[in-house]
Amino acid sequence: MDKFELQKTLLEIDEEAALTIGIQEPRPVVIVIGGAAFVLRDLTKRPKTHDVDILHADDALREILASYPVVNSAAAAYTDQIPYNFEDRLEILDIGARAITFATPSAEDLVVMKLYAERPNDVTDIDDAASQGRLDWELLATLVLDDNEAKASALAPRRYREMVGAYERFCKRNGR
């Protein structure tokens, strides 16, 4: 799905939520991660992604999200791969939604998640974000290395060390 198709899918979900649960204040929140977050925020040159990974969705939305085959609501299993205080840095997606607040973690939090996976598309996404000057390198270093961030949320010390190694390779590729 390209950016237009991603936005269209999210707005369809929003419309269904408006009809099913109504317009509420505060609005329920859906946190989009992965390739969809990179495409929606123009952080990558990659034009498409194959699904919409959801890190978090309010309970009222679970049934609606489950009815969309392109939505992966099981991405919450990756919460150990995102810095501890990511909620403080959420970025709202301004796509015209009325019933749902769609958000993504910060670019730096998304990079940390991609560093854990380090698949070819992940490397492309994070290198694209870096080449566009879209990263706060100081914040990224804090999120990766500070004991109270990615390390605090990591379930396995080995996985954390692997992510730090990926971070070091990322920095080297990008002249940092």
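Residues numbered from 1 in each chain as written. Predicted model: local features only at pLDDT ≥ 70, side-chain atom pairs only at ≥ 80, totals over all residues. Heavy atoms only, no water.

Peer 1: Explain the overall build of the protein residue by residue, including any values.
Peer 2: A tally of helices and strands in the protein yields eight helices and five strands. Start at the N end of the protein and walk to the C end: the helices and strands fall as α-β-α-β-α-β-β-β-α-α-α-α-α. Taken over C-alpha atoms, the radius of gyration comes to 16 Å for the protein, in line with the 16 Å a tight globule of 176 residues would show. Oriented by its inertia axes, the alpha-carbon framework of the protein measures out at about 50 × 30 × 25 Å. Residues classed as buried in the protein amount to 51% of the 176 residues present. (Helix = DSSP H or I, 4+ residues; strand = E, 2+ residues; numbered from the N terminus. Rg over C-alpha atoms; globule rule 2.2 N^0.38 Å. Buried < 20%, exposed > 50% of the residue type's maximum accessible area, 1.4 Å probe, protein only.)

Peer 1: Any details on the environment of Leu90? Residues and values, ideally.
Peer 2: Its location among the elements puts Leu90 in the loop between β3 (71-72) and β4 (91-92). As for Leu90 and Phe102, which are separated by 12 residues in sequence, their C-alpha atoms are 9.8 Å apart. Residues contacting Leu90, with those up to four places away along its chain left out, are Ile31, Ala103, Thr104 and Pro105. (Contact = heavy atoms within 4.5 Å.)

Peer 1: Can you break down helix α1 (residues 3-20) residue by residue, with the values?
Peer 2: What sets the pattern is the α-helix's 3.6 residues per turn: residues three or four places apart point alike. Here α1 contains 18 residues, and its C-alpha end-to-end distance of 26 Å stays within 8% of the 26 Å for a straight helix at 1.5 Å per residue. When we look at burial in α1, the residues that qualify are Leu6, Thr9, Leu10, Ile13, Asp14, Ala17 and Ala18. Regarding α1, its N-cap is Asp2, as a side-chain oxygen of that residue lies 3.2 Å from the backbone nitrogen of Phe4 further along. Gly22, located one to two residues past α1, shows a positive phi value of around 85°. (Expected span 1.5 Å × (residues − 1). Polar contact = N/O pair within 3.5 Å; in protein donor to acceptor, adjacent residues only side chain to side chain.)

Peer 1: I'd like a description of the packing of helix α6 (residues 137-145) against helix α8 (residues 157-173), backed by residues and values.
Peer 2: Where α6 meets α8, the closest approach of the two axes is 10 Å, and the angle between their N-to-C directions is 160°. In terms of their interaxial angle, α6 and α8 are classed as roughly antiparallel. Taken as a pair, α6 and α8 cross one another with a handedness that is left-handed. Two secondary-structure elements touch here, α6 through Trp137, Leu140, Ala141, Val144 and Leu145 and α8 through Tyr160, Met163, Val164, Tyr167, Phe170 and Cys171. (Axes fitted to C-alpha atoms, helices over the stretch in contact; angles between N-to-C directions. Parallel < 35°, antiparallel > 145°, perpendicular 65-115°, else oblique. Left-handed = near helix turned anticlockwise from the far one by under 90°.)

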